Amino acid sequence: MAAPPGLKSGYAKEMTHTIRKILIANRGEIAVRVARGCRDLGIRSVAVYSEADRIAFHVRMADDAICIGPAPSNQSYLVHDAIIQAAKISGADAIHPGYGFLSENAEFARRCQDEGLIFIGPKPETIALLGDKLAARETAVKAKLPLVQGSDTDTSDLKQAIAAARKIGFPILVKAAAGGGGKGMRVVHSEDQFEESIRSAASEAKSAFGDSRVYLEKYLARPRHVEIQILCDQHGTCLYLGERECSIQRRHQKVVEESPSPIMTPELRTRMGSAAVEIARRSGYVGAGTVEFLVDEQRDFFFLEVNTRLQVEHPVTEMVTGIDLVREQIAIAEGRKLTLRQEDIQLRGHAIECRIYAEDPDNNFMPSTGTLNAYVIPAGPGVRVDSGVVAGSEIPIYYDPMIAKLVVWGTNRAEAVTRMKRALEEYRVSGVETTIGFHRVIMDNEKFLAGELSTRFLDEEYPDNVYRRVSDVVRERAALAVAIDKYVRERKISVSPPQQATRSNWAAWHRHGNLRSFKGSR
Ligand code: ADP
């Protein structure tokens with residue numbers, strides 16, 4: 001097997017850093033990722049933590065740590081003052097926001113600037129411009145990017161909205177202008193559901209973002225989600241680092257990502273990459289970012305939005321390009337010039353990421369909280385686990401339940417899938433339910449293996465929301481049968497007298513599906 005490409009950089013190796021200490025305004029796996037990046041560069045790191053995260057893994061991974069408030073994130077990780085103060089007290093010169101929390105908050109980025117701290121991300125004006133989906137669409141029009149047909153004004157006014165909807169034609173997607181994380185989004189199939197959908201989307205947007213503006217887009221039937229990673233320095237160089245296919249989604253949220261996309265051609269990559277660079281230039285982009293597109297069955301692509309931060313799925317790009325994105329972010333924030341040229345960016349092999357959540361796929365992905373009694377992560381060739389937890393960690397109720405990202409690399413897609421299956425088998429977690437079994441099911445899916453993906457994949461392939469492999473069910477039931485048999489024998493319990501329990505009795509019992517009633521006690 002060829003090894004994954006070594007991490008390379010557009011900067012001189014021996015560079016000394018003007019940023020000497022970075023406060024990481026985040027928690028979980030991304031805080032750990034950034035702390036590791038800092039250590040690789042000889043930069044000191046400062047963790048912040050809430051009262052619920054006192055002994056969290058990210059706290060142990062940083063050089064210093066400061067408590068910033070009670071468990072709820074609106075009293076800790078989202079409090080600008082607390083984070084700025086922590087940066088000042090610890091003597092940090094820069095703040096890395098990770099993703100989520102304050103990463104796309106223009107006001108916070110501005111505050112950092114005003115306080116003389118470097119915000120590792122784009123300029124506040126760029127964040128504000130691209131964070132507003134209506135303004136971003138306008139910018140995309142100016143940059144001559146293809147867009148999904150839509151209403152390019154706020155349609156909170158119902159009359160206007162209905163007129164716009166009729167023009168676009170159903171099905172329609174109502175979207176929040178300030179949206180993110182799938183919030184304030186509603187699919188509307190016909191005019192009679194329209195009014196209610198607009199109202200509920202607007203009210204959800206108001207409570208999530210303090211902004212009730214919504215607009216409409218034509219709802220594409222079976223698109224793929226393909227996004228381009230960009231990297232722009234402060235001196236006008238802007239590069240694209242290939243794509244990530246993120247079509248496997250639950251409720252419009254990504255769960256599996258890969259690079260390259262199975263449908264990509266060099267010609268399409270050049271067109272999408274150039275489009276991404278064009279909108280980046282138009283918005284004065286600086287730093288690492290992602291331009292998201294939908295791609296239809298004819299391989300036509302349409303601009304979706306720009307994420308002005310490091311993405312959850314950035315490791316798949318790191319695996320195939322060999323470029324350390326956190327390192328690049330820091331160097332760009334220091335004002336260095338990118339010395340890489342577009343032609344230096346070569347994609348090698350194939351990488352896949354599975355997001356591992358503490359959620360119960362058998363119970364509608366209900367978040368699962370508790371203590372990780374056992375936690376054994378996979379390793380070996382081509383495997384990377386970005387984990388926010390270790391054995392003994394608590395999974396609190398307050399935050400996103402993603403505990404880790406399992407990323408694998410292979411010389412081609414088939415090898416990467418095989419390696420992902422191996423890694424998923426090695427992963428051992430007890431104490432909370434996880435999505436590991438769910439990912440095993442996807443890795444066995446014929447359509448997934450054929451690269452036939454769309455954002456409707458999970459709905460179409462698993463309409464009953466049942467994600468279990470036949471072999472897992474059989475194995476699980478066999479294990480239970482043996483355990484029950486042992487229990488019955490040890491206690492000399494007589495079941496169904498006058499017969500003694502035998503394996504064949506149990507087997508018959510399982511066949512009738514009675515073991516389901518034991519599920520709750522596992
Ligand atoms: P958010 O910022 O809330 O995550 P996005 O605009 O990035 O919202 O879209 C998230 C997902 O929603 C996409 O990956 C896709 O699955 C779906 N989606 C968004 N717009 C459309 C559309 N016009 N047609 C079909 N699906 C869409």
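No experiment lies behind these values; they were computed from the predicted model shown. (Residues numbered from 1 in each chain as written. Predicted model: local features only at pLDDT ≥ 70, side-chain atom pairs only at ≥ 80, totals over all residues. Heavy atoms only, no water.)

Undergrad: Let's hear about the packing of aromatic side chains: which residues, and what values?
TA: This structure, assessed with the given rule, holds 12 aromatic pairs. Taken together, a centroid distance of 5.8 Å and an interplanar angle of 65 degrees make the contact between Tyr375 and Tyr427 edge-to-face. Taken as a pair, Tyr375 in strand β18 (residues 374-376) and Tyr427 in the loop between α12 (413-426) and β22 (428-430) lie far apart in primary sequence, 52 residues in all. A relative accessible area of 11% means that Tyr375 is categorised as buried. Grouping aromatic residues by their ring pairs yields a cluster made of Phe365, Phe438, Phe457, Tyr462 and Tyr467. Above the plane of the ring of Phe448 lies Arg413, whose end atom (NZ or CZ) is 4.6 Å from the centre. (Phe/Tyr/Trp six-rings, centres within 6.5 Å; stacked < 30°, edge-to-face > 60°. Helix = DSSP H or I, 4+ residues; strand = E, 2+ residues; numbered from the N terminus. Buried < 20%, exposed > 50% of the residue type's maximum accessible area, 1.4 Å probe, protein only. Lys NZ or Arg CZ within 6 Å of the ring centre and 35° of its normal.)

Undergrad: Tell me about the confidence of the model for the chain, and please be specific about residues and values.
TA: Here the chain shows a mean pLDDT of 91. Residues at 70 or above account for 90%. Per-residue pLDDT stays below 50 along residues 497-522; that stretch engages in 31 contacts with residues further than four places along the chain or on separate chains. (pLDDT = per-residue confidence, 0-100. Contact = heavy atoms within 4.5 Å.)

Undergrad: Quick rundown of the pairing of strand β10 (residues 238-250)? Include the residues and the values.
TA: Along β10, 13 of the 13 residues are buried, which leaves the element largely enclosed by surrounding structure. Strand direction decides the pairing type here: strand β9 (residues 224-232) and β10, joined by six bridges, are antiparallel. Note on β10: the bridge partner recorded for Leu231 is Leu239. Linking two consecutive strands that pair antiparallel, namely β9 and β10, is a turn of five residues; a positive phi of about 95 degrees is found at Gly236 within it. When β10 meets strand β11 (residues 253-259), the two strands line up antiparallel, connected through four bridges. From the neighbouring strand, Glu245 faces β11, where its bridge partner is Glu258. Two successive antiparallel strands, β10 and β11, enclose a turn made up of two residues, where Arg251 displays a positive phi of approximately 50 degrees. (Pairing = 2+ DSSP bridges.)

Undergrad: Tell me about the packing of helix α3 (residues 80-90) against helix α4 (residues 106-114), and name the residues and values.
TA: At a minimum axis separation of 11 Å, α3 and α4 run at an interaxial angle of 30 degrees. Classified by the angle their axes make, α3 and α4 are roughly parallel. Two packed elements cross with a definite hand, and for α3 against α4 that hand is right-handed. Residue-level inspection shows His80, Asp81, Ile83 and Ile84 of α3 in contact with α4, the latter providing Glu107, Phe108, Arg111 and Cys112. A class-by-class count of the residues in the contact of α3 with α4 yields four nonpolar, one polar and three charged. (Axes fitted to C-alpha atoms, helices over the stretch in contact; angles between N-to-C directions. Parallel < 35°, antiparallel > 145°, perpendicular 65-115°, else oblique. Left-handed = near helix turned anticlockwise from the far one by under 90°. Nonpolar A, V, L, I, M, F, W, Y, C, P; charged D, E, K, R; others polar.)

Undergrad: Any chance you could break down the domain arrangement of the chain for me, citing the residues and the numbers?
TA: It is common to give the size of an interface as the accessible area that goes away when the parts come together. Entries for the chain in the domain assignment read domain 1 (21-129), domain 2 (149-218), domain 3 (224-468) and domain 4 (492-522). The gap between the C-alpha centroids of domain 2 and domain 3 is 28 Å. (Domains from an automatic or database assignment.)

Undergrad: Could you give an account of the site of the ligand, with specific residues and numbers?
TA: Looking at the ligand, there are 20 residues lining it, with Lys133, Gly182, His225, Gln249 and Glu305 nearest. Here an oxygen atom of the ligand sits 2.8 Å away from a polar atom, N or O, in the side chain of His225. Between the ligand and the protein, one listed contact pairs an oxygen atom with a side-chain N or O atom of Glu292 at 3.1 Å. For the ligand, whose free accessible area comes to 560 Å², the fraction covered by protein is 96%. For the shell around the ligand, the secondary-structure elements that each account for two or more residues are β6 (172-176), β8 (214-218), β12 (287-295) and β13 (301-307). Across the shell around the ligand, the residue classes break down as seven nonpolar, seven polar and six charged. When residues are assigned to domains, the shell around the ligand turns out to be shared by domain 2 (149-218) and domain 3 (224-468), each giving three or more. (Near = heavy atom within 4 Å. Polar contact = N/O pair within 3.5 Å; in protein donor to acceptor, adjacent residues only side chain to side chain. Areas by Shrake-Rupley, 256 points an atom, 1.4 Å probe, with all protein chains shown as cover.)

Undergrad: Describe in detail the pattern of salt bridges, supporting the description with residues and values.
TA: Counted under the stated rule, the structure contains 45 salt bridges. In this structure, Arg33 engages Glu318 in a salt bridge whose closest nitrogen and oxygen atoms are separated by 2.8 Å. Note that Arg33 is positioned in helix α1 (residues 28-41) and Glu318 in helix α10 (residues 314-321), a separation of 285 residues in sequence. Taken as a pair, Arg33 and Glu318 share a single burial class, namely buried. The partner of Arg33 in a salt bridge is Asp324, with the nearest N and O atoms 2.8 Å apart. Within this pair, whereas Arg33 is found in helix α1, its partner Asp324 is found in the loop between α10 and α11 (325-333), the two being separated by 291 residues in sequence. Given a relative accessible area of 8%, Arg33 falls into the buried group. Given the relative accessible area of 7%, Asp324 is considered buried. (Salt bridge = Lys/Arg side-chain N within 4 Å of Asp/Glu carboxyl O.)

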